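Summary of structural features
Here is how the chains run, residue by residue.
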Amino acid sequence: MTAQAPAAVITPDTFDFYNVRSLLTEDERQIQDAVARFVDEKVIPVIGHAFDEHRFPKELIPEIASLGLLGCNIEGYDCAGLNHVSYGLICQELERGDSGVRSFVSVQGSLCMYPILTYGNEEQRQRWLPGMARGELIGCFGLTEPDGGSDPGTMKTHAVKKGGDWVINGAKMWITNGTIADVAIVWAMTDDGVRGFLVEKDMAGYTSRDILRKMSLRASITSELFFDNVRVPEANLLPNVRGLKGPLGCLTQARYGITWGGIGAAIACFREALEWAKVRVVFKRPLSHTQTIQRRLADMSRRITTAQLLSLQLGRMKDEGRMHHAQVLMAKWNNVRIALDIARDARDILGAAGISIETHSIRHMLNLESVITYEGTETIHELIVGSQLCGTQAF
Amino acid sequence: MKILSLVKYVPESTAAIKVKADGSAIDPAGVKFVMTPFCEFAVEAALQFKEKNAAANAEITAMTLGPAAAVDVLRTAFAMGADHGVHLSDPLFEGLDDLGVARVLAAAMKDQKFDVIFAGKHAIDYDRGQVGPALAELLGLPHVGAVTSIEWGADFKTATARRRIEGAEEVVEVQLPCLFSIDKGYVEPRYPSLPGLMKAKKKPVDAKNAAALGLSAAELSGDNWTTKMDGFTPPPPRPPGRKLEGEPEQMAKELVRILREEEKLI
């Protein structure tokens, strides 16, 4: 190794300090820019108000679909066929807007279209995937129950074969998109272990209602699903998977996207805190001229940079087919944790202004309380990484 | 029917523009270039015409004049749904004034006739809005400017366009072929789809230089320019503000005095 005189003055980008973008392909950069523009023009202007009104901005669905964001990493079936890094960048940009909008896309693509593609038969794929890619059919994913989420093996929802049909009884809770879904991917216990079913919105005995008065993900629909002797034909059983590896395989896909989403939320908060610190004068100088604030902003940048590198390497491994689910969990654990910490710190730097819905950090902060809980809590992620290292499951 | 959308490659509206040290041009380094938003209207207008009038069997060409990198705006047009792209590029085109650009565009249309040409009302770089009308003039076509709606006549032989004028709306009937420059409000441009962006890279672009258009260096030389860009200077820095200090009553009195006696605003 030799030291060389620098060819030109290098100035790191404030929001991409290690120039991680240079590791992306031209296609990937173009995809990120296209989605960033959509988020800047269509999501950010309306999202604070939607959050305030506790309303999912459904009017965004047609444009999200026509951009090609739904099931974008699926090949065929009118899906965009992008690689996993591109899917990650899409999640990052959407969550820079709001975790609720990113959740909508995650659930539709990773939790609903993915199992239909992977565990379904050709007839099921043809019936559902093209309409879901066009945003004309919405899906939801029912795994968590009122009595627990981290321990899905003890689920109470069950399905019994009667005649040619399955009869499902039980309830699911904390289900994104529940009341607007045309199809629910429902995981139920059977004599043969956990199986997945496509429960359609008009099936008798299937009802849903929204969980209202949330303090988090207010611009997203969160629902309860109820199954009272719902008869589901054999044709709606996902034939190609048995056991918990079915739903857990879907969660790996969604968690992968969330690792990128965390970066987006973190960048939104960091940007807001930095811009504020430069203009807010306290004790006759801008906040950004003080050591305390500079250290806090530098720490945000450090954490965002590590998260960016983590997700990109994860995405490259996923694209090469050599990604382990514990690696996804480490990245979700790290990236959502840094995002939540940055959001809280940004809110604090904003002072009193930081409690207003006019600022973004508090909205991201509240949303991230859900993101750090759903699709595997931070604790579960730590324990799975721990079990991978120690060879013993401690839960 | 053959439809043309003119598209221009310009610095993004939020870009921080720096002038080159010699004042000859703006410094493109680090500046993101995009399709002028008004040209997005021109592309969208063409796409909607095609989608809503299947009987017209429309084929859409996007055309740009600009440096090598300007091919990006044709890619954007492809990703939105344009069928063909023409890139007019030559070092001889650098610095051409609006009439010069219109002459090159007209030369490109010598062998290729279009039934409808859509342009943006103006580009967001120099804001002059002259290329559209100048091109119509050179081609001998009717031009309707700053159009906010169009109704197509039977068999697409005529069209009725509306444009906003001071305190009223003007309704103009034209014979096709014609050129419309489109204002904000007629159409809402779509976002290019991600699969569209990927496919756009593989679509062939018809690149033409001055020789291919039969234009000589002499014809394009500065001697034939009707206007010439003399130089660029950055806007002067904003003068520093003035801060009044003291008790509110004193400051209010002082403020009124300044506004009345120094600034003569009240």
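Rules used throughout
Residues numbered from 1 in each chain as written. Chains lettered and ligands numbered in written order. Predicted model: local features only at pLDDT ≥ 70, side-chain atom pairs only at ≥ 80, totals over all residues. Heavy atoms only, no water. Helix = DSSP H or I, 4+ residues; strand = E, 2+ residues; numbered from the N terminus. Pairing = 2+ DSSP bridges. Axes fitted to C-alpha atoms, helices over the stretch in contact; angles between N-to-C directions. Contact = heavy atoms within 4.5 Å. Phe/Tyr/Trp six-rings, centres within 6.5 Å; stacked < 30°, edge-to-face > 60°. Buried < 20%, exposed > 50% of the residue type's maximum accessible area, 1.4 Å probe, protein only. Lys NZ or Arg CZ within 6 Å of the ring centre and 35° of its normal. Salt bridge = Lys/Arg side-chain N within 4 Å of Asp/Glu carboxyl O. Domains from an automatic or database assignment. Right-handed = clockwise from strand over helix to strand, strands pointing away. Expected span 1.5 Å × (residues − 1). Bend = angle between axes of the 7 residues up to and from the residue. Polar contact = N/O pair within 3.5 Å; in protein donor to acceptor, adjacent residues only side chain to side chain.

Once that is clear, we can look at unusual backbone geometry. Between B:Leu176 and the following residue, B:Pro177, the backbone shows a cis peptide bond with an omega angle of -5°. Structurally, B:Pro177 is set in the loop between β9 (168–175) and β10 (178–182). Even without being a glycine, A:Glu375 presents a positive backbone phi close to 55°. Along the polypeptide, A:Glu375 turns up in the loop between α9 (361–371) and α10 (378–390).

On to the sheet that holds β9(B), then. All names here are of chain B. With mixed pairing, nine strands are arranged side by side in an open sheet as β9-β8-β7-β10-β6-β1-β4-β5-β11. Whereas interior strands pair on both sides, the edge strands pair on one side only; in this sheet they are β9 and β11 (206–208). Taken pair by pair, the neighbouring strands of this sheet meet at an average axis angle of 35°, ignoring direction. Here strand β1 (residues 2–6) runs beside strand β6 (residues 116–120); their pairing, made up of three bridges, is parallel. Bridged to Leu4 within β6 is Ile117. In this fold helix α3 (residues 98–108) packs onto β1, β4 (59–65) and β5 (84–88), with an angle of close to 140° to the strand it touches most, β4.

Let's shift gears to the packing of aromatic side chains. Across all of its chains, the model carries 17 aromatic pairs over all chains by this definition. Plain terms: the ring middles of A:Phe38 and B:Tyr191 are 5.6 Å apart, the flat faces sit at 90° to each other, and that makes the pair edge-to-face. Within this pair, whereas A:Phe38 is found in helix α1 (residues 26–53), its partner B:Tyr191 is found in the loop between β10 and α5 (194–200), the two belonging to separate chains. Comparing A:Phe38 with B:Tyr191, the two get one shared label, buried. Measuring from centroid to centroid gives 5.3 Å for A:Tyr206 and A:Phe227, while their planes differ by 0°, and the two rings are stacked. In this pair, A:Tyr206 sits in strand β6 (residues 206–210) while A:Phe227 sits in strand β7 (residues 222–233), placing the two residues 21 residues apart along the sequence. Judged by its relative accessible area of 9%, A:Tyr206 falls in the buried class. Judged by relative accessible area, which is 3%, A:Phe227 ranks as buried. Grouped by ring-pair contacts, the aromatic residues B:Phe49, B:Phe118, B:Trp152, B:Phe156 and B:Phe180 constitute a single cluster. In this structure, A:Arg218 is placed above the aromatic ring of A:Phe51, and the distance from its NZ or CZ to the ring centre is 5.9 Å. In this structure, A:Lys318 is placed above the aromatic ring of A:Tyr256, and the distance from its NZ or CZ to the ring centre is 5.5 Å.

Now for the pattern of salt bridges. All names here are of chain A. One pass over the full model with this rule turns up 48 salt bridges over all chains. Residue Arg127 is joined to Glu200 by a salt bridge in which the shortest nitrogen-to-oxygen separation is 2.7 Å. Residue Arg127 is found in helix α5 (residues 122–133), and its partner Glu200 is found in strand β5 (residues 193–200); the two are separated by 73 residues along the sequence. Judged by its relative accessible area of 45%, Arg127 is partly exposed. Residue classification places Glu200 among the buried positions, given a relative accessible area of 18%. Several salt bridges share partner residues, and in doing so they unite Asp299, Arg302, Arg303, Arg337, Asp341 and Glu378 into one network.

Moving on to the domain arrangement of chain B. In terms of domains, chain B is made up of domain 1 (2–224) and domain 2 (242–266). Taking only C-alpha atoms into account, the centre of domain 1 of chain B sits 51 Å from that of domain 2 of chain B.

Residues and elements named next belong to chain B. Within the sequence span of helix α4 (residues 131–139), burial applies to Gly132, Ala134, Leu135 and Ala136. The secondary structure elements touched by the buried residues of α4 are β1, α3, β7 (143–152) and β10. The first or second residue beyond α4 is Gly140, which carries a positive phi of 70°.

It is worth spelling out the pairing of β5(B) at this point. Residue and element names in this part refer to chain B. Most of β5 is tucked away: four of the five residues are buried. Pairing of β4 with β5, which is carried by five bridges, proceeds in the parallel orientation. By the bridge assignment, Ala62 is partnered in β5 with Gly85. Read as a crossover between parallel neighbours, the route from β4 over helix α2 (residues 71–80) to β5 is right-handed. Across three bridges, the pairing between β5 and β11 is parallel. Bridging across to β11, His87 finds its partner in Ala207.

Residues spaced three or four apart along an α-helix face the same direction, because each turn holds 3.6 residues. All names here are of chain A. Between its first and last C-alpha atoms α1 spans 39 Å; for 28 residues at 1.5 Å apiece the expected length is 40 Å, and the two agree. At Val43, α1 shows its largest bend, some 45°, and a proline, Pro45, comes one to four positions later. Once α1 ends, the next one or two residues include His54, with phi positive near 60°.

Inspection of the secondary structure puts A:Arg213 in the loop between β6 and β7. Taking the C-alpha atoms as reference points, A:Arg213 and A:Asp33, separated by 180 residues in sequence, lie 35 Å from one another.

Our focus in this paragraph is the side chain of A:Glu95. Residue and element names in this part refer to chain A. With respect to the secondary-structure elements, Glu95 resides in helix α3 (residues 84–97). Separated by 2.7 Å, the side chains of Glu95 and Ser99 make a polar contact. There is a polar contact of 2.4 Å between the side chain of Glu95 and the side chain of Arg102. When near neighbours in sequence (up to four residues on either side) are disregarded, Glu95 contacts Arg102, Gly261, Gly262, Gly264, Ala265, His364, Leu368 and Val371.

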